[in-house]
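For reference, the chains in residue letters:
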Amino acid sequence: MAKDRSNSQWGGRFSGGPAVIMMEINASIDVDKRLATQDIAGSKAHATMLETVGILSADEAAVIASGLDQVLAEINTDTMIWSPALEDIHMHVEARLFELIGEPAKRLHTARSRNDQVATDFKLWVRAACDELDVSLRAFQRALLARAEDHAETIMPGFTHLQIAQPVTLGHHLLAYIEMIERDRGRFADARARLNQCPLGAAALAGTGFPIDRHMTAKALGFNGPTHNSIDSVSDRDFALEFLGAAAITAVHLSRLSEEIIIWASQPYGFITLPDAFSTGSSIMPQKRNPDAAELVRAKSGKMLGLFQSLAVVMKGLPLAYSKDMQEDKSPVFEAFDTLSLCLAAMTGMVDTLVFNADAMRRVAAMGYSTATDLADWLVRVAGVPFREAHHITGQAVKIAEHKNCDLAALDLADLQGCDARITKAIFDVLSIDASVASRLSYGCTAPDQVRARIATLRGALGSTSNA
């Protein structure tokens, strides 16, 4: 390895070297060395294309490809020497390639710029990140599906405003999160589809006069085709913003489930027992079982929202085409990927191992006059009462039950007929929480039959669950 690895890239224009502070603020290698695999893949595709169009000889292309493989091997085995003087991953690869193969390395950068190079590398990385996250999101869905199948008939309170509203099934409640995550998967898939155009060959911003074949490099790297405008090619970071936006929304969904886990694990609720693997104790209170994993996932959603905002603020004032500000694009994306991957692993583990207390859920589901809507619906359906009138009648019945300190099903028929004479003893067939849940048979609702039907559909889409 040569001792002097200083960056002579600017030697033709500048006679003096950069100040130490300038070197430090300008260097991005500590961040963008994660792009090494993508950078070398892009360089190999570029070299093959240059050979095809006659810019490189077959021998030059072969030695470049071999040298790039050796550079990647050094990076993968952690024997590469990193130097802030070389600024970024692109210059490190180019400098090391020159040390290995000499003069042919200088020809590799023909018909490209670091601007289109980094845009290509970054798109390749984000594309792979979308694919990796989809695997994790699908695993999370399958964990939720397995627990929903376990509890297709388990009754729990449904809430609005965190007030008991109507009884629902736990299976139905868990399936709601599968729907959220499915939309998250769709957002990552959409972002992936939109980013899948190759910037390579756009050069600095105006394209190149060399007879390159951009369609060839795009195909070699798995893109649908080349980007259509060279200026937009190097100045676009929408794909990074879309990735961050999708990650932020996913984190919000994980935070909402985390909040419910935290609430459900508290003693006033007692709906769940947290697994030891995802709980911690207290330094002075030996009885405590703290939902720290859920709390940390909830907290990290704030970081995810901030990461999106940080890049959006960087991009909002930039004129076309490339500005050095865009060097700050990768750090938030890398951090978002790492954070979301960790949160998904934690949430999948928690969902897999939570113990649900069905008795506690059922007990609370019967509170708060949760079948009041069933009384109103019966008046409409059986007695032909307009709903607004039925709503008023039901309110009177709830007031009587509150006065007697009992639930609606425990009222005497005379009490109910005092609210409206059209009420018959058949009303008691709908006032239990079991009857309430079973009656919700419209598509996408909480009845166990509907829950099982949706589970069967999802099982086909997601594959077998741990309980299938």
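Note that the structure is predicted; figures quoted are calculated from it, not measured.

Points about the nonpolar core
Line of reasoning, step 1. Among the nonpolar cores identified, the biggest contains 92 residues, and Val 126, Phe 140, Phe 188, Phe 243, Leu 254 and Ile 261 are the most heavily contacted of them.
Line of reasoning, step 2. Once residues lying within four places of it in the same chain are set aside, the contact partners of Phe 243 are Val 126, Ala 129, Cys 130, Leu 133, Phe 188, Val 333 and Phe 337.
Line of reasoning, step 3. Of all hydrophobic cores here, the second largest spans 21 residues; its members include Tyr 369, Val 398, Cys 406 and Ile 427.

Considering the packing of helix α7 (residues 170-195) against helix α10 (residues 238-265)
Line of reasoning, step 1. At a minimum axis separation of 8 Å, α7 and α10 run at an interaxial angle of 170 degrees. By the angle between their axes, α7 is roughly antiparallel relative to α10.
Line of reasoning, step 2. The class makeup of the residues in the contact of α7 with α10 is 14 nonpolar, three polar and six charged.

Concerning the confidence of the model for the chain
Line of reasoning, step 1. For the chain, the mean per-residue pLDDT works out to 92, and 93% of the residues sit at or above 70.
Line of reasoning, step 2. For residues 1-5, every residue scores under 50 in pLDDT, and the model assigns this stretch 13 contacts once sequence neighbours within four places are set aside.

Details of the pairing of strand β1 (residues 155-160)
Successive side chains on a regular strand alternate, one facing one side of the sheet and the next facing the other.
Line of reasoning, step 1. Inspection of the sheet shows β1 paired to strand β2 (residues 163-169) by six bridges, in the antiparallel sense. Bridging from a neighbouring strand, Thr 160 pairs with Gln 163 of β2.
Line of reasoning, step 2. Connecting β1 to the antiparallel partner β2 that follows it, the hairpin turn spans two residues, and His 161 within it adopts a positive phi of roughly 60 degrees.

Digging into the pattern of salt bridges
Line of reasoning, step 1. Counted by the stated rule, this structure contains 29 salt bridges.
Line of reasoning, step 2. The salt bridge involving Arg 107 is made with Glu 60; its shortest N-O contact spans 3.0 Å. Of the two residues, Arg 107 sits in the loop between α5 (89-101) and α6 (114-150) while Glu 60 sits in helix α4 (residues 58-76), which places them 47 residues apart along the sequence.
Line of reasoning, step 3. Taken together, the salt bridges that share partners define one network made up of Glu 74, Arg 96 and Glu 99.

Brief notes about the state of the cysteines
Line of reasoning, step 1. According to the stated counting rule, one finds zero disulfides in the structure shown.
Line of reasoning, step 2. Take Cys 343: it sits in no disulfide, and the sulfur closest to it among the cysteines is that of Cys 130, at 17 Å.
Line of reasoning, step 3. Assessed through its relative accessible area of 7%, Cys 343 is described here as buried.
Line of reasoning, step 4. The thiol of Cys 406 is unpaired, and the distance to the nearest cysteine sulfur, on Cys 419, comes to 12 Å.
Line of reasoning, step 5. You can call Cys 406 buried: its relative accessible area is 19%.

So, how was this worked out
- Here the residue numbering is sequential within each chain, running from 1 through the sequence in written order.
- Confidence filtering applies because this is a predicted model: local features only for residues at pLDDT of at least 70, side-chain atom pairs given and counted only at 80 or more, and all residues used for totals across whole chains, interfaces and linings.
- Side-chain metrics in this entry use all non-hydrogen atoms of the structure; hydrogen atoms and water are not considered.
- Remark: nonpolar core denotes a set of buried residues (Ala, Val, Leu, Ile, Met, Phe, Trp, Tyr, Cys) joined through side-chain atoms within 4.5 Å.
- The classification of residues rests on relative accessible area computed with a 1.4 Å probe and restricted to protein chains. Under 20% of the type maximum is buried, over 50% is exposed, and intermediate values are partly exposed.
- Contacts between residues were defined by any pair of non-hydrogen atoms, one from each residue, lying within 4.5 Å.
- Interaxial angles span 0 to 180 degrees and are taken between N-to-C directions of axes, which are lines fitted to C-alpha atoms, for helices over the stretch in contact.
- Counting from the N terminus, the helices are DSSP H or I runs at least four residues long and the strands are E runs at least two residues long.
- Oblique is the label for any angle not under 35 degrees, not over 145, and not in the 65 to 115 range, which are roughly parallel, roughly antiparallel and roughly perpendicular in turn.
- Residues are grouped as follows: nonpolar covers Ala, Val, Leu, Ile, Met, Phe, Trp, Tyr, Cys and Pro; charged covers Asp, Glu, Lys and Arg; every other residue, Gly included, is treated as polar.
- Values of pLDDT, the confidence the predictor places in each residue, fall between 0 and 100.
- At least two DSSP bridges between two strands are required for those strands to pair.
- Salt bridges are defined as contacts in which a side-chain nitrogen from Lys or Arg sits within 4 Å of a carboxyl oxygen from Asp or Glu.
- In this description, the term disulfide denotes a pair of cysteine sulfurs within 2.5 Å.

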